[in-house]
Amino acid sequence: MTTLLQKSPIHRTVLNNGLVVLVAENPAADIIAARIFVRAGSCNENREQAGLAHLLSAVMTKGCDGLSSLEIAEKVESVGASLSADAGTDYFLLSFKTVTSDFGEILTLAGRILRSPTFPETQVELERRLALQDIRSQKEQPFNVAFEQMRQVMYQNHPYATSVLGDETTMSSLTRADLVEYHQTYFRPDNVVISIAGRVTPTDAAALVEEVFADWQSPSQALPTLNLPEIKVEPQVRLKPVQTQQSIVMLGYLGTSVNSVDYAPLKLLCTYLGNGLSSRLFVELREKRGLAYEVSAFYSTRLFPASFVVYIGTAPENTSIALEGLHTEVDLLCTTEVSESALQAAKNKILGQYALGKQTNGQIAQIYGWYEILGLGIDFDTKFQELIAAVSAKDAIASACKYLKEPYLSLVGQEEAINRAITN
């Protein structure tokens, strides 16, 4: 077992089997939160198995070596703990929170669930039905329809094109055997990070993790290499006529991954443009012009190029001018330098929100484990803040000109309104 002590308050240990343990000691409350990350998200699925990681997360806690779904629930709830599983595009996550005295017991249970899930056939069927309900209900939400349409045209054959839920066809075809194969392939100690925060010393936490996981051996075969298609930028228009009381107007641009030098400028531009009541889009399109029921921008942190999206929900009769307004505001980023005061305000906002996102033990365990599993390392916590602080107005305009030139367009709304918007 090798231990590295960083300048940060996080202690990083690597067990002999390759499993990484991160510990942030926080004695403020008698609580410990843990996040167990696996490098296995929807990006690791075959296209025809989209939704597999999500289904795995839903069934994971419903039975493990020697324990039924009910027995797992009783073990967790009898001590007032919480335990859940989740899947994202770039990772799989098993989370739990407990009082300090029960940490060893719940960690042991989490280890059994992680290593030896039984995937009971009845639970697989139930969770598949629930996932199909989710997929169908998302088709009734105009924002989700617009974003799904945007994703598919932007990412083509890349896994980011599809929701983590997959679609009705892929989710319906998944079997218990698929879950077993995926689990056997990716759930191995050299592909796992356990991040812990709370009232526990790094030494004690690492010793407990070693007790539970040291006998877990990695298979001799190497992990499958991700061989994802290149994403070609070919902006297109997608319309979806729906009988709804508002139009969703969405512009999308292919941004970059978290590893790129342009990541921080784009993150800052996204905050400036569409984060909160003082953002450029909110002030210009909602406050001044009264065009928006809702207006925002988002740009996710991803291992592969992420979409930079701005959108507005507007009255059908305002669809054309709302589209024009969105275009204008994004285009301005490339032609007009953001003022120093506006740039600083955006930096203060993003760094303030970042600090507030590290208040609880759960948030602390989440952020460091996430950085580690993405391959950024725990020092990215400091680096991210430095990168944001260092962005200049020139960096911002250069990134806008590079990435935010010609958008993909997704429109959802009444047929006449969306057709008029693209012919104007």
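Residues numbered from 1 in each chain as written. Predicted model: local features only at pLDDT ≥ 70, side-chain atom pairs only at ≥ 80, totals over all residues. Heavy atoms only, no water.

**So, the UniProt feature "domain: Peptidase M16 N-terminal" (unreviewed entry) in the protein chain**
The residues that UniProt annotates with the feature "domain: Peptidase M16 N-terminal" (unreviewed entry) are residues 21-167. The span residues 21-167 is 43% helix and 21% strand, and its two end C-alpha atoms sit 35 Å from each other. (UniProt positions renumbered as here; feature names shortened; annotations may be inferred. Helix = DSSP H or I, 4+ residues; strand = E, 2+ residues; numbered from the N terminus.)

**Observations concerning the state of the cysteines**
Defined simply, a disulfide is a covalent bond joining two cysteines at their sulfur atoms. Going through the model one piece at a time under the given rule, you end up with one disulfide. Across the disulfide, Cys 334 is cross-linked to Cys 401 (sulfur-sulfur distance 2.3 Å). Given an S-S torsion of about 115 degrees, the disulfide between Cys 334 and Cys 401 has right-handed geometry. Of the two residues, Cys 334 is situated in helix H11 (residues 319-335) and Cys 401 in helix H15 (residues 393-403); the sequence distance between them amounts to 67 residues. Among the residues examined, Cys 334 registers a relative accessible area of 15% and is labelled buried. Its sulfur unpaired, Cys 270 is 17 Å from the next cysteine sulfur, which belongs to Cys 334. (Disulfide = S-S within 2.5 Å. Buried < 20%, exposed > 50% of the residue type's maximum accessible area, 1.4 Å probe, protein only.)

**Quick word on the nonpolar core**
Grouped together as the largest cluster of nonpolar side chains are 68 residues, with contacts concentrated most on Leu 269, Phe 308, Val 310, Ile 312 and Leu 404. Sorting elements by how many residues they give to this core places helix H9 (residues 263-274) first, with eight residues. Apart from residues lying up to four places away in sequence, Val 310 is in contact with Val 249, Met 250, Leu 251, Leu 273, Leu 281, Ser 296, Ala 297, Leu 326 and Val 330. Formed by 53 residues, the second largest nonpolar core is a distinct cluster that contains Val 23, Val 76, Phe 103 and Leu 109. (Core = buried A, V, L, I, M, F, W, Y, C linked by side-chain atoms within 4.5 Å. Contact = heavy atoms within 4.5 Å.)

**Some words on the side chain of Thr 89**
Counting through the fold element by element, Thr 89 comes out in the loop between strand S7 (82-87) and strand S8 (92-99). A relative accessible area of 14% places Thr 89 in the buried class. Reaching out from Thr 89, the side chain makes a polar contact with the side chain of Arg 302 at a distance of 3.4 Å. In this view, Thr 89 contacts Gly 41, Ser 42, Cys 43, Tyr 160, Val 164 and Arg 302; residues no more than four positions away in its chain are not counted. (Polar contact = N/O pair within 3.5 Å; in protein donor to acceptor, adjacent residues only side chain to side chain.)

**Focus on unusual backbone geometry**
A positive phi angle, close to 45 degrees, is found at Phe 119, a residue other than glycine. With respect to the helices and strands, the residue Phe 119 is situated in the loop between helix H3 (103-115) and helix H4 (121-138). With relative accessibility at 2%, the residue Phe 119 sits in the buried group. Positive phi is not limited to glycine here, since Gln 156 has a value of about 50 degrees. Within the fold, Gln 156 resides in the loop between helix H5 (142-155) and helix H6 (168-173).

**A short note on the packing of helix H1 (residues 52-60) against helix H7 (residues 176-186)**
Following both chains from N to C, one finds H1 and H7 inclined at 95 degrees, their axes separated by 10 Å at the closest point. As judged from the angle between their axes, H1 and H7 are roughly perpendicular. Of H7, the residues touching H1 (which contributes Leu 52, Ala 53, Leu 55, Leu 56, Val 59 and Met 60) are Asp 178, Leu 179, Tyr 182 and His 183. Per-class residue counts for the contact of H1 with H7 are eight nonpolar, one polar and one charged. (Axes fitted to C-alpha atoms, helices over the stretch in contact; angles between N-to-C directions. Parallel < 35°, antiparallel > 145°, perpendicular 65-115°, else oblique. Nonpolar A, V, L, I, M, F, W, Y, C, P; charged D, E, K, R; others polar.)

**Overview of the side chain of Ser 399**
With respect to the helices and strands, Ser 399 occurs in helix H15. Residue Ser 399 is classed as buried on the basis of its relative accessible area of 2%. Within the local environment of Ser 399, its side chain forms a polar contact with the side chain of Asp 262, the two groups lying 3.5 Å apart. Residues within four places of Ser 399 in sequence aside, it is in contact with Asp 262, Pro 265, Leu 266 and Leu 404.

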